[in-house]
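A structural walkthrough
Here is how the chains run, residue by residue.
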Amino acid sequence: MDRLQRFAQQILERKAAGLYRQHPAIDSYQGRLLQNKQGAYLNFSGNDYLGLATEPQLIKALAEGAERFGVGSSGSPLVTGFHYAHRALSDELCDWLGVDDVLLFSSGFAANQVMLQHLTDKTDQLLLDKLCHASLIDAALHADAGYKRFPHQDLAALDMLLQRYPSALVVTEGVFSMDGDSPDLPAVSALCKKNKADLLLDDAHALGVLGAEGRGSWDAQGLQSGDMLCLMANFGKALAGQGAFLAGSATMIDYLRQFARHYIYSTALSPALCWAMKISVELSRSQGWRRDKLNDNIQLFKTLAADAGFTVLPSNTAIQPLIIGDSDKAMLISASLKKQGIWLSAIRPPTVPQGSARLRITLSALHQSDDIRFLVQKLEQLI
Ligand SMILES: Cc1ncc(COP(=O)(O)O)c(C=O)c1O
C-alpha cells in the first residue's frame, strides 16, 4: 500500500466510524446569524462571546491599522516584523492584565508550544489536567520535560503527583474548552506554592469574559497575575480576531524572546490585526454590558435546559455542553437542527472522550432571549 492509499484507507475508516470531518464554508457572518448556500442559521457554535467580530469600531480599526501600518508585518519579530502596532497592543495588554511584558504569537497553538517546551528542560515535569486542549497535549508530548496527566479537576490526584514531583509545572485551563467548567484556581495555586511548583494557565475561553474588565478566570477567582509563571490567552475567541500572547514577568518574556523558536522563526502577526486587537481590548475592558448580556443569556439557557430536563454539564460559562453520548446520534440531531435553521455542531471523539459526543452550545452577548428559547424548544422536540 503506498502512502496515498494509506491516507485514503484512513479516511474511509473515519467515515465508517461516523467521525468524518468537514469545514462547511460560510458566506456571511452577522454575529448571531450565519448564512451559506443552503440557508440562514442561528449560530450556537462560535466563540465570539462578546459579539465583537462584527463590531463597527473593530472593523474600522482593522482598516485603519492596514492603512497606517500595512497588511502584513513583512518579517519575523526580531527582524522587521515588530511594528508600532505590536508595541501598542503589547502595552495595552500589560496595562490590562498587570503583567510586566507579553510576547505575541500568530496562534494560541503556537503560544502553547512555547509555554510548555521553552519554559522547561529535561529535568522538569509537566502535570496536565486530563481535559487540557490538544495544543497543550501536543506541546507536552514534544517537550524535553516529562509529563503526566491527572484526572480532570482531581486536586487530590494533583496533590499526590506534586508530592512525587515537587517543583513541577502544573498546566490547566481557566475555562475548559469542551466542558465549559473552571478549576478551583486558588486551590491549584495553593498546591503549587506548597510544593514550590509553577502554574501555567491557558485562559483562551476566559479572556474578555471573566473577571474585572474581562481580565480572565484568574482575576475572577482572586488570583494575582504573579501567581502564574506564565499566562496564555488568544485573540480568536472573545476578542474576535486571531493570534495569541504569553504574559508574565520581564525576565520570563525576555528569556522567551531569546530562545522561543516558534517566535523567532515565524512571521510576526499582521500589524493591522494588532491595531484592531488593541481596540478590541479597549472595548472588552470598557463595555461591561457585553459581559452582563452574555451572563443573562447563560442564566436563561441554564434555566430553560434544567426545566427541559437536559443533561447539561455543570458549567457557568458561555460553553454549555449537552451530552448525547453516541456520535451518530449527535450528528443526526445536529443535522435536524440545521434543517430548522440552527447551527449547532456535534463534537465527537477524538476531540472529546469516547462515548461523550456532545452538542457544544456556545452563547454570545449578541443572542436574543427568543433565540435561546427557540433553540431549547427545538432541542426538546429532538431529544
Ligand atoms: C483552550 C484552548 N487553547 C488553545 C487554543 C488554540 O488557540 P488558537 O485557535 O489561537 O490556535 C484553543 C482553541 O482554538 C483553545 O480552545
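Note that this is a predicted model, so its numbers are computed, not measured. (Residues numbered from 1 in each chain as written. Predicted model: local features only at pLDDT ≥ 70, side-chain atom pairs only at ≥ 80, totals over all residues. Heavy atoms only, no water.)

Turning our attention to the site of the ligand. If you check the shell around the ligand, you find 14 residues, and the closest are Gly108, Phe109, Asp202, His205 and Lys237. Taking Phe109, its main chain carries an N or O atom lying 3.0 Å from an oxygen atom of the ligand. A distance of 2.7 Å is found between an oxygen atom of the ligand and a side-chain nitrogen or oxygen belonging to His205. Out of a free accessible area of 380 Å², the ligand has 82% covered by protein chains. Of all the elements in the fold, those that place two or more residues in the shell around the ligand are helix H5 (108-118) and strand E9 (230-234). A per-element tally of the shell around the ligand places H5 first, with three residues. In the shell around the ligand, the residues fall into three nonpolar, eight polar and three charged. (Near = heavy atom within 4 Å. Polar contact = N/O pair within 3.5 Å; in protein donor to acceptor, adjacent residues only side chain to side chain. Areas by Shrake-Rupley, 256 points an atom, 1.4 Å probe, with all protein chains shown as cover. Helix = DSSP H or I, 4+ residues; strand = E, 2+ residues; numbered from the N terminus. Nonpolar A, V, L, I, M, F, W, Y, C, P; charged D, E, K, R; others polar.)

Moving on: the UniProt feature "domain: Aminotransferase class I/classII large" (unreviewed entry) in the protein. Residues given the UniProt feature "domain: Aminotransferase class I/classII large" (unreviewed entry) here are residues 42-379. Taken end to end, residues 42-379 has its terminal C-alpha atoms 14 Å apart, with 44% of it in helix and 16% in strand. (UniProt positions renumbered as here; feature names shortened; annotations may be inferred.)

Now for the pattern of salt bridges. Here the structure, examined in full by the defined rule, presents 18 salt bridges. Across the salt bridge formed by Lys37 and Asp27, the nearest N and O atoms sit 2.9 Å from each other. Of this pair, Lys37 sits in the loop between strand E2 (33-36) and strand E3 (39-43) while Asp27 sits in the loop between helix H1 (3-16) and strand E1 (28-30); the two residues are 10 residues apart in sequence, bridging distant segments of the chain. Residue Lys37 is classed as exposed on the basis of its relative accessible area, which comes to 70%. A relative accessible area of 44% means that Asp27 is categorised as partly exposed. Of the charged contacts in the structure, one is a salt bridge between Glu213 and Arg215, with a shortest N-O distance of 3.5 Å. Here the salt bridges do not stand alone but share partners, grouping Glu92, Asp95, Glu213, Arg215, Asp219, Lys278, Glu282 and Arg285 into one network. (Salt bridge = Lys/Arg side-chain N within 4 Å of Asp/Glu carboxyl O. Buried < 20%, exposed > 50% of the residue type's maximum accessible area, 1.4 Å probe, protein only.)

With that settled, the discussion passes to the domain arrangement of the protein. You can read the domains of the protein as domain 1 (28-50 + 288-382) and domain 2 (56-286). Placing the centre of domain 1 and that of domain 2 at their C-alpha centroids yields a distance of 27 Å. For the domain 1 and domain 2 pair, buried surface summed over both sides reaches about 1,500 Å², with 57% attributable to carbon and sulfur atoms. Linking domain 1 with domain 2 are one salt bridge, by the criterion used here. Across the salt bridge formed by Arg358 and Asp179, the nearest N and O atoms sit 2.6 Å from each other. Along the contact surface separating domain 1 from domain 2 lie nine residue pairs in polar contact (both at pLDDT 80 or more). For the side of domain 1 that touches domain 2, the elements supplying multiple residues, two or more each, are helix H13 (288-307), strand E11 (319-325) and strand E14 (357-362). Counting residues per element, the side of domain 1 that touches domain 2 draws most heavily on H13, at three residues. Broken down by class, the residue content of the side of domain 1 that touches domain 2 amounts to 10 nonpolar, six polar and four charged. (Domains from an automatic or database assignment. Buried area = accessible area lost by both parts, 1.4 Å probe.)

To characterise two packed helices, one gives the angle between the axes of the helices and the distance between these axes. With their axes 8 Å apart at the nearest point, H5 and helix H6 (residues 134-141) run at an angle of 40° to one another. When the axis of H5 is compared with that of H6, the two are oblique. The handedness of the crossing between H5 and H6 comes out as right-handed. Across the interface between the two elements, Phe109, Asn112, Gln113, Met115, Leu116 and Gln117 from H5 touch Ser135, Leu136, Asp138, Ala139 and Ala140 from H6. (Axes fitted to C-alpha atoms, helices over the stretch in contact; angles between N-to-C directions. Parallel < 35°, antiparallel > 145°, perpendicular 65-115°, else oblique. Left-handed = near helix turned anticlockwise from the far one by under 90°. Contact = heavy atoms within 4.5 Å.)

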